[in-house]
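Architecture and fold: a report
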Amino acid sequence: MRHFLRDDDVSPQEQAELLALAAAMKATPYDAKPLAGPHTVAMIFDKPTLRSQTSFAAGTAELGGNPLVVDGGLAGIGRRESVADVARVLGGQASMIVWRTFAQAAVEEMAAMSGVPVINALTDEFHPCQLLADLLTIQEHKGELAGLTVAFLGDAACNMGNSWALAGTMAAMHVVFGCPEGYAPDAGVLVQAEAMPGGSVHVTDDPVAAVAGADVVVTDTWVSMGKEDEAADRRVLFSPYAVTSELMAHAKPDAIALHCLPAYRENEISAEVIDGPQSVVWDEAENRRHVQKAVMAWLYERRGVEPDE
């Protein structure tokens, strides 16, 4: 059974296939109906959501399926019922499960026990669907991904940092993290990224050096879910890494800016940048739907097939 729980659950070739499928589905969004029946996609949201819920629900419907939103608070997964028990129940009710939650280990257990494809809509460790949306957006605006330099600024010790390290290098891009010491992506993830053929990964605490000559500049909130009590200290710590027009001036003149949202203007990114001509944030947000449709269709086609077959 194939699942999409982290960025390297697909090979570099499969990543390219998913991006091509997403582009095709974006061009003709109502043609492909692999979930006609309709097949039900169970979607669980334990964390606040806007783009994940709307894009998966709309995408499931466009594929001919039935989007079933499961209230994570009511389900009480891991408290009221075990992950394994919920997996068995949902696996008997739905053809696919999408889960936005906290622990990566939880979605891995869901995948192991459900008997249907499982998609990670965000965990504390990885955000693979967002990365496909980012890559599709960059591809639309820059053409080929291979060889491009991406600068990720701010708190890279987060799911987006880990996913950018893996997915970016899988696409043969050069990913540079500009962050304070101690806020780099997971050390094990960086080792994996360094081993990807064609791409590269580098970490620096110098924000200007990080963006120098970059084709793409990426940032994310400095105060991730669960870090709210650190907000004041984090704003001081990360302030040199704010994506402003002054910092963007060190990137290439035609560099584009990405942010996975929600954005906090005048913190991690200035209003002048996110609402300006270099921003492709709204394309990025829309592309969540298209890449997730590709992932759902791709996984549904391969249900019952092991990764090495």
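Bear in mind that the values here come from a model prediction, so they are computed numbers and not experimental data.

This next bit is on the side chain of Asn120. Looking at the element boundaries, Asn120 is found in strand β4 (residues 118-122). Side-chain polar atoms of Asn120 contact the backbone oxygen of Leu5, separated by 2.8 Å.

Our next topic: the packing of aromatic side chains. Using the criterion set out here, one finds three aromatic pairs in the structure. Consider the rings of Phe152 and Phe177, whose centres lie 5.7 Å apart with planes at 55°: the pair is tilted. With Phe152 in strand β5 (residues 149-153) and Phe177 in strand β6 (residues 174-178), this residue pair connects regions lying 25 residues apart in the sequence. Taken individually, Phe152 and Phe177 each receive the classification buried, so the pair is uniform in this respect. The rings of Tyr183, Trp222 and Phe238 are connected pair by pair, giving a single aromatic cluster. One residue, Arg303, lies across the ring of Tyr300, its end atom 3.7 Å from the ring centre.

Our next topic: the sheet that holds strand β1 (residues 40-45). As summarised here, the arrangement of the four strands in space is β2-β1-β3-β4, forming an open sheet in which the pairing is parallel. Taken across any chain shown, the strands that pair with only one partner, and hence form the sheet edges, are β2 (66-71) and β4. Adjacent strand axes in the sheet meet at a mean angle of 20°, parallel and antiparallel pairs treated alike. Relative to β2, β1 runs parallel, the two being bridged by six bridges. Pairing of Ile44 across the sheet is with Val70, part of β2.

In this section: unusual backbone geometry. For the bond from Gly37 to Pro38, the omega torsion is 0°, close enough to zero to count as cis. Here Pro38 lies in the loop between α1 (12-27) and β1. With an omega of 0°, the peptide bond between Leu261 and Pro262 qualifies as cis. You will see that Ala172, though not glycine, has its phi angle at about 65°, which is positive. Relative to the helices and strands, Ala172 is located in the loop between α7 (159-170) and β6. Exposure remark for Ala172: the relative accessible area of 16% places this residue in the buried category.

Time to look at the nonpolar core. Among the nonpolar cores identified, the biggest contains 60 residues, and Ile119, Ile138, Trp164, Met173 and Phe177 are the most heavily contacted of them. Apart from residues lying up to four places away in sequence, Ile138 is in contact with Gly143, Leu145, Leu148, Trp164, Met173, Val216, Ile256 and Leu258.

In this section: the pairing of strand β7 (residues 200-204). Pairing between β6 and β7: five bridges, direction parallel. Bridged to His174 within β7 is Ser200.

Here the focus is the sheet that holds strand β9 (residues 256-259). Strand order in the open sheet made by the five strands is β7-β6-β5-β8-β9, with parallel pairing throughout. Looking at which strands have only one partner, the edges of the open sheet turn out to be β7 and β9. Along the sheet, successive strands turn relative to each other by an average axial angle of 20°, direction set aside.

Our focus in this paragraph is the packing of helix α6 (residues 128-142) against helix α13 (residues 281-301). A pair of packed helices is captured by two measures, namely the crossing angle of their axes and the spacing between those axes. In contact at an axis separation of 8 Å, α6 and α13 are set at 115° when each is read in the N-to-C sense. As summarised for this structure, α6 and α13 are arranged roughly perpendicular, according to the angle between their axes. As α6 runs across α13, the sense of the crossing is right-handed. Only Asp283, Glu284, Asn287, Arg288, His290, Val291, Gln292 and Val295 of α13 make contact with α6, whose side of the interface consists of Cys129, Gln130, Leu132, Ala133, Asp134, Leu136, Thr137, Glu140 and His141. By residue class, the composition of the contact of α6 with α13 is six nonpolar, six polar and five charged.

Side-chain pairs of opposite charge can arise where the charged atoms are in close proximity. Following the criterion strictly, the structure yields 14 salt bridges and no others. Salt-bridge contacts for Glu62 lead to Arg289; the nearest nitrogen and oxygen are separated by 3.1 Å. Placement of the pair is Glu62 in helix α2 (residues 51-62) and Arg289 in helix α13, with a sequence separation of 227 residues. With respect to burial, Glu62 and Arg289 carry one shared label: buried. Measuring nitrogen to oxygen at the nearest pair gives 2.9 Å for the salt bridge that ties Arg265 to Asp275. Residue Arg265 is located in the loop between β9 and α12 (271-274), and its partner Asp275 is located in the loop between α12 and α13; the two are separated by 10 residues in the primary sequence. What you see here is one network of salt bridges that share partners, running through Glu62, Arg289 and Lys293.

Each value, and the rule that gives it
Residues numbered from 1 in each chain as written. Predicted model: local features only at pLDDT ≥ 70, side-chain atom pairs only at ≥ 80, totals over all residues. Heavy atoms only, no water. Helix = DSSP H or I, 4+ residues; strand = E, 2+ residues; numbered from the N terminus. Polar contact = N/O pair within 3.5 Å; in protein donor to acceptor, adjacent residues only side chain to side chain. Phe/Tyr/Trp six-rings, centres within 6.5 Å; stacked < 30°, edge-to-face > 60°. Buried < 20%, exposed > 50% of the residue type's maximum accessible area, 1.4 Å probe, protein only. Lys NZ or Arg CZ within 6 Å of the ring centre and 35° of its normal. Pairing = 2+ DSSP bridges. Axes fitted to C-alpha atoms, helices over the stretch in contact; angles between N-to-C directions. Core = buried A, V, L, I, M, F, W, Y, C linked by side-chain atoms within 4.5 Å. Contact = heavy atoms within 4.5 Å. Parallel < 35°, antiparallel > 145°, perpendicular 65-115°, else oblique. Left-handed = near helix turned anticlockwise from the far one by under 90°. Nonpolar A, V, L, I, M, F, W, Y, C, P; charged D, E, K, R; others polar. Salt bridge = Lys/Arg side-chain N within 4 Å of Asp/Glu carboxyl O.

Coordinates in, geometry out; function isn't part of it.
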